[in-house]
Amino acid sequence: SALARRRAREYAANSEYLQRMFDRSRIYLYHIVEEVEKRGLPTELVLLPMVESAFNPMARSPKHASGLWQFVPGTGKRFDLKQNSWYDGRRDIVDSTDAALDYLTKLYKMHGDWQLALASYNWGENAVIRAVARNRKAGKPADYSHLKMPAETRNYVAKLQALKNIIAEPSKYGIDLAPIPNERYFTTVLTGRPELDVALAAKLAEMPVKEFKALNPGFSRPLVRSPKGLDRAAFR
């Protein structure tokens, strides 16, 4: 679409921002690709955290959405993302990816259309259902392109398409993206302990504390307390 082409030109004009986003995605992308492929979902969904959070798991929105996939507290709870003073599952890479893909699958089954599913993820499922019903009642086509929706939602789907186009043909946009290694970056390990000191865990794993925190952004304190009795953490 013309809007997607415009968004692609904007991303291309801000290549430093694009590169920072790609660099941040490196440690998470393999896991997300694996989960998307396992479920047989469209590959471009792996790019959705770029639109949602620029691949920053600590990103917070004014509406209190949090994490790579930007779950608001209520939707997070609907999809079993635990939230307390020790831990926020909306920021946990494994848990939030599972929840986001569950939610997107549900939205797709609701509409049978990925553009409407994505619009629902951004705007809210009830808002899209109402917009579809309004068009049908007025005898108008009820597909994505004919619905009246906020500019943010229209741009949301266009941004995803733009990113997909840039990654497919970076040279066309005058961008040189360093390839992302096609290998697992982290492993989730059951620690067998209800509590774990972050600095100690990083030291035992021979990885910098900063990297341990990047792989375990769900933990809110220097002491890791398991939210599910699983006592797990992600390690390089």
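Model, not experiment: these values are computed from the prediction.

Parameters and conventions
- Residues numbered from 1 in each chain as written.
- Predicted model: local features only at pLDDT ≥ 70, side-chain atom pairs only at ≥ 80, totals over all residues.
- Heavy atoms only, no water.
- Helix = DSSP H or I, 4+ residues; strand = E, 2+ residues; numbered from the N terminus.
- Buried < 20%, exposed > 50% of the residue type's maximum accessible area, 1.4 Å probe, protein only.
- Contact = heavy atoms within 4.5 Å.
- Areas by Shrake-Rupley, 256 points an atom, 1.4 Å probe, with all protein chains shown as cover.
- Core = buried A, V, L, I, M, F, W, Y, C linked by side-chain atoms within 4.5 Å.
- Patch = residues over 30% accessible without salt bridge, like charges linked within 9 Å, V, L, I, M, F, W, Y side chains within 5 Å.
- Salt bridge = Lys/Arg side-chain N within 4 Å of Asp/Glu carboxyl O.
- Lys, Arg positive; Asp, Glu negative; His and termini not counted.
- Charge placed at Lys NZ, Arg CZ, Asp CG, Glu CD.

Q: So what about the overall build of the protein chain? Which residues, and what values?
A: The number of helices and strands found in the protein chain is 10 helices and 4 strands. Secondary structure of the protein chain in N-to-C order comes out as α-α-α-α-α-α-α-α-β-β-α-α-β-β. When the 236 residues of the protein chain are sorted by exposure, 45% land in the buried category. Residue pairs at least 24 apart in sequence account for 63% of intrachain contacts in the protein chain once pairs closer than 6 positions are excluded. Surface exposure of the protein chain reaches about 12,400 Å², of which carbon and sulfur atoms provide 52%.

Q: Please give an account of the nonpolar core that cites residues and values.
A: Counting 58 residues, the largest nonpolar core has W69, F71 and Y121 as the members making the most contacts within it. Residues contacting Y121, with those up to four places away along its chain left out, are L48, E52, W69, F71, A100, Y103, L104, L107 and Y156.

Q: Could you give an account of a positive patch on the surface, with specific residues and numbers?
A: There is a patch of like positive charges on the surface, built from R5, R6, R9 and K172. By secondary structure assignment, the location of R6 is in helix α1 (residues 2-13). Residue class for R6 comes out partly exposed when judged on its relative accessible area of 41%.

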